[in-house]
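Spelled out, the chains give:
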Amino acid sequence: MDVRARALRFWGWAVGAVAAVALAAALLLPYEAIGLRTEPERERAWLLTVWTAGVMAVLFGATARIGRRGVGFRDVLDAGSVHGAVDARRRAGGAGAGEMLDVWLVATGGILVGIYFAGWLLLG
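Here the structure is a predicted model, which is why all the values come from computation and not from measurement.

Turning our attention to helix 1 (residues 3-28). Along its 26 residues, helix 1 runs 37 Å from first to last C-alpha, staying within 8% of the 38 Å computed at 1.5 Å per residue. Turning to helix 1, its buried residues are Phe10, Ala14, Ala17, Val18, Ala22 and Ala25.

Judged by nonpolar contacts, Val18, Ala22, Ala25, Tyr31, Leu36, Ala45, Trp46, Leu47, Val50, Leu112 and Tyr116 together constitute the single largest core of eleven residues. Looking at this core, the elements with two or more residues in it are helix 1, helix 2 (39-69) and helix 5 (97-123). Per element, the largest residue contribution to this core is four residues, and it comes from helix 2. Once residues within four sequence positions are removed from consideration, valine 18 is found in contact with Thr108, Ile111, Leu112 and Ile115.

Tallied over the entire structure, the rule returns five aromatic pairs. On the numbers, 6.5 Å between centres and 85° between planes, the contact of phenylalanine 117 with tryptophan 120 is edge-to-face. Remark: tryptophan 120 and phenylalanine 117 occur in helix 5; sequence separation between them is three residues, near one turn of the helix. Overall, phenylalanine 117 belongs to the partly exposed group, its relative accessible area being 40%. Tryptophan 120 sits in the partly exposed class, given a relative accessible area of 45%. Here the aromatic residues Trp51, Tyr116, Phe117 and Trp120 are joined through ring pairs into a cluster of three or more.

Calculation notes
- Residues numbered from 1 in each chain as written.
- Predicted model: local features only at pLDDT ≥ 70, side-chain atom pairs only at ≥ 80, totals over all residues.
- Heavy atoms only, no water.
- Helix = DSSP H or I, 4+ residues; strand = E, 2+ residues; numbered from the N terminus.
- Expected span 1.5 Å × (residues − 1).
- Buried < 20%, exposed > 50% of the residue type's maximum accessible area, 1.4 Å probe, protein only.
- Core = buried A, V, L, I, M, F, W, Y, C linked by side-chain atoms within 4.5 Å.
- Contact = heavy atoms within 4.5 Å.
- Phe/Tyr/Trp six-rings, centres within 6.5 Å; stacked < 30°, edge-to-face > 60°.

Spelled out as structure tokens, the structure:
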């Protein structure tokens, strides 16, 4: 698969996930059960849900990215030295599907936060 197709697939899944989360938040929140009767209250609850989902996605993705950069105790033990562990990590190189999940989470969370701000501006 070429780079362009991978990029389109990446962003397509990110936008699709964002649309699903925003739509689910709008349709599945139990507004009556939590006492939200007026439209402005419901809009604020939806905005809060979208904001929270976006920030959580960014934080989880950033944590995964930061955690993957370092060399852990097990890496040093397996390689026999810190230098060996760093070299092994460098040789491992390429990003697999698991290594792109963190980037995808940050991108998806960023889009959700963008939707929050757009909704906040439009809904007042």
